[in-house]
Amino acid sequence: RRPPPIPMEQPREHSQPVKKKDWRFYRRGDANLWTDFYHVPLNRLQHVIPPIALKKDREAIDSVMRLLKEEDEMEEWNELVKAAKIKGVRRRFVTQMEKNQRKEDVIFKN
């Protein structure tokens, strides 16, 4: 293998300034769409997503997590209420059975 040739002159200056390759550079339209991400190299992906999108995603995730937690708490509360109702029905049933047994004992003793 030969080493690359040594340049004989200085590199040319760019006619236009070098563009910063952030999320604005990789945008393929006016909107920031998921298709924009498909065309971006993986090592540049962190520069494509605008910071406000990350902030809003975090807020959305927090909101969803809060709603799921509230649903779980409500479901637990409903289970406790249901269990209390079942316990009350069973207690009344046992009480009625004991009353009926006492009545039966009185009737058959005579």
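On a predicted model such as this, the values are computed, not experimentally measured, just so you know.

Q: Sorry, what's going on with the overall build of the protein here?
A: Looking only at helices and strands, the protein features 4 helices and 0 strands. Secondary structure elements in the protein, listed N-terminal to C-terminal, are α-α-α-α. In the protein, which comprises 110 residues, the share counted as buried stands at 7%. Total accessible area computed for the protein in this model is approximately 11,300 Å², and 58% of it derives from carbon and sulfur atoms.

Q: Could you clarify how one ought to interpret a nonpolar patch on the surface in this entry?
A: Taken together, the side chains of Ile61, Val64, Met65 and Leu68 make up a nonpolar region of the molecular surface, amounting to roughly 380 Å² of accessible area. By secondary structure assignment, the location of Ile61 is in helix α4 (residues 51-109).

Q: Got a minute to help me understand the pattern of salt bridges in this structure?
A: Two side chains that carry opposite charge are able to pair once their charged atoms sit near each other. What the rule picks out here adds up to 1 salt bridge. Here Glu59 and Lys56 are joined by a salt bridge, their closest N and O atoms 3.6 Å apart. Of this pair, Glu59 and Lys56 both sit in helix α4, separated by 3 residues, roughly a single helical turn. Under the relative-accessibility criterion, Glu59 is labelled partly exposed at 38%. Since its relative accessible area comes to 45%, Lys56 is described here as partly exposed.

Q: I keep staring at the confidence of the model for the protein and nothing clicks. Help me out?
A: It should be kept in mind that the predicted coordinates are not to be read in detail where pLDDT is low. Confidence along the protein averages 81 in pLDDT terms, with 76% of residues attaining 70 or more. When pLDDT is averaged over each helix and strand of the protein, the minimum, 61, is found for helix α2 (residues 34-38) and the maximum, 91, for α4.

Each value, and the rule that gives it
- Residues numbered from 1 in each chain as written.
- Predicted model: local features only at pLDDT ≥ 70, side-chain atom pairs only at ≥ 80, totals over all residues.
- Heavy atoms only, no water.
- Helix = DSSP H or I, 4+ residues; strand = E, 2+ residues; numbered from the N terminus.
- Buried < 20%, exposed > 50% of the residue type's maximum accessible area, 1.4 Å probe, protein only.
- Areas by Shrake-Rupley, 256 points an atom, 1.4 Å probe, with all protein chains shown as cover.
- Patch = residues over 30% accessible without salt bridge, like charges linked within 9 Å, V, L, I, M, F, W, Y side chains within 5 Å.
- Salt bridge = Lys/Arg side-chain N within 4 Å of Asp/Glu carboxyl O.
- pLDDT = per-residue confidence, 0-100.

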